Amino acid sequence: MPEGPSLVILKELARPFEGRTIAAAHGNSKAVPFDELPGQPILSLRTWGKHFLIELPLYTIRIHFLMFGSYRIDERKENSPERLGLAFEEGGELNFYTCAVKLLEGDLDAAYEWQADVMADAWKPAAALKKLRAKPDTLVCDALLDQEIFSGVGNIIKNEVLFRLKIHPASTVGALPAAKLRELVKHARQYSFEFLEWKKAFVLKQHWLAHTKRICPRCNIALHKAHLGKTKRRTFWCERCQKRYGPVL
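About the thresholds
- Residues numbered from 1 in each chain as written.
- Predicted model: local features only at pLDDT ≥ 70, side-chain atom pairs only at ≥ 80, totals over all residues.
- Heavy atoms only, no water.
- UniProt positions renumbered as here; feature names shortened; annotations may be inferred.
- Helix = DSSP H or I, 4+ residues; strand = E, 2+ residues; numbered from the N terminus.
- Rg over C-alpha atoms; globule rule 2.2 N^0.38 Å.
- Buried < 20%, exposed > 50% of the residue type's maximum accessible area, 1.4 Å probe, protein only.
- Contact = heavy atoms within 4.5 Å.
- Areas by Shrake-Rupley, 256 points an atom, 1.4 Å probe, with all protein chains shown as cover.
- Lys, Arg positive; Asp, Glu negative; His and termini not counted.
- Charge placed at Lys NZ, Arg CZ, Asp CG, Glu CD.
- Phe/Tyr/Trp six-rings, centres within 6.5 Å; stacked < 30°, edge-to-face > 60°.
- Lys NZ or Arg CZ within 6 Å of the ring centre and 35° of its normal.
- Core = buried A, V, L, I, M, F, W, Y, C linked by side-chain atoms within 4.5 Å.

Looking at an unreviewed UniProt entry, the protein chain carries the name Endonuclease, with the source organism given as Pseudoduganella albidiflava. Under the Sequence similarities (unreviewed entry) heading, UniProt states for the protein chain: "Belongs to the FPG family." Under the Catalytic activity (unreviewed entry) heading, UniProt states for the protein chain: "Hydrolysis of DNA containing ring-opened 7-methylguanine residues, releasing 2,6-diamino-4-hydroxy-5-(N-methyl)formamidopyrimidine."

Attention now goes to the overall build of the protein chain. Across its full length, the protein chain carries six helices and ten strands. Compactness check: the protein chain gives a C-alpha radius of gyration of 20 Å against a globular reference of 18 Å for 249 residues, within 12% of the reference. The principal-axis extent of the C-alpha atoms belonging to the protein chain is close to 60 × 35 × 30 Å. Here the protein chain, with 249 residues, has 50% of them falling under the buried criterion. Contacts spanning at least 24 positions in sequence make up 63% of the contacts within the protein chain whose residues lie at least 6 apart. As presented, the protein chain carries roughly 12000 Å² of accessible surface, and 52% of it is formed by carbon and sulfur atoms. Here the protein chain contributes 38 positive and 28 negative side-chain charges, whose respective centroids are spaced 12 Å apart.

This part takes up the UniProt feature "domain: Formamidopyrimidine-DNA glycosylase catalytic" (unreviewed entry) in the protein chain. On the UniProt side, "domain: Formamidopyrimidine-DNA glycosylase catalytic" (unreviewed entry) is annotated at positions that read residues 2-96 here. In residues 2-96, the share of helix is 12% and the share of strand is 35%. The end C-alpha atoms are 13 Å apart.

All chains considered together, the criterion is met by eight aromatic pairs. Relative to Phe 88, the ring of Phe 17 lies with its centre 5.0 Å away and its plane at 45°, an arrangement referred to as tilted. Within this pair, whereas Phe 17 is found in the loop between helix H1 (4-14) and strand E1 (22-26), its partner Phe 88 is found in strand E6 (residues 84-88), the two being separated by 71 residues in sequence. Given a relative accessible area of 3%, Phe 17 falls into the buried group. Residue Phe 88 is classed as buried on the basis of its relative accessible area, which comes to 6%. With a centroid separation of 5.9 Å and an interplanar angle of 40°, the aromatic rings of Phe 52 and Phe 96 are classed as tilted. Taken together, the residues Phe 52 in strand E3 (residues 51-55) and Phe 96 in strand E7 (residues 93-97) connect sequence positions 44 residues apart. With respect to class, Phe 52 is no different from Phe 96; both count as buried. A cation over a ring is seen here: Arg 20 above Phe 17, with NZ or CZ 4.5 Å from the ring centre. Across the ring face of Phe 163, the terminal group of Arg 218 is positioned such that the distance to the ring centre comes to 3.8 Å.

It is worth spelling out the nonpolar core at this point. Grouped together as the largest cluster of nonpolar side chains are 37 residues, with contacts concentrated most on Leu 132, Leu 144, Phe 150, Ile 167 and Leu 184. Of all the secondary structure elements, the ones that give two or more residues to this core are H1, helix H3 (125-133), helix H4 (140-143), helix H5 (155-164) and helix H6 (178-200). Of the residues forming this core, the biggest block, eight residues, is contributed by H6. Not counting the four nearest positions on each side in its chain, Leu 144 is found in contact with Phe 150, Val 153, Lys 158, Val 161, Leu 162, Leu 184 and Ala 188. Counting residues in hydrophobic clusters, the runner-up holds 25 residues, among them Leu 37, Tyr 59, Leu 94 and Phe 96.

As structure tokens, this is what we get:
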């Protein structure tokens, strides 16, 4: 599943399409009235967490890439039908695959809490802290994936932030010392921007310390792997250097 930084890269790559007018639209999404799209200009391209937003005068098209979604700019995937394909009067095309497409009515600023997006200028760490403190029994591995708190954080960022901070993923939010909780909020955003730069440089995987790894680089012992928490996402951790805060499950 693409995480917030990957969506920011898509937004930057697609930026030249802002202001262009849709000439033709096609795809197999049942949510899109394709005949309404020709003649519509793209007012803006925005992201909120894992949502890619194409703002039109009529409504906004929301793209969520789910687990295996992808896109192509000015080309198409072979032997794969587009969920949504857009061609433009000024030239070029945007194509989206294996994703969820939804139409949003009304003002985007009313639909989204931009301060929850870890990649946004509007990000407010104090708001994230307040939301975390309201969920003391939540496991930190679940809290980091809560898009209402950390919009854009995905499984890679979760695993790497917890390893970096030496926090066991099965720790509860309420058991974390105040300083650790503040660090969690700080590094969720900080690592997201490091992720962005590494992804642009095609060196992201070279910087992984825990995600998909077998040996702890600090302790030189085997890492544990399990599908933890309510989210049941793959989690990698070291039992020696990542401290468990809260009751043992």
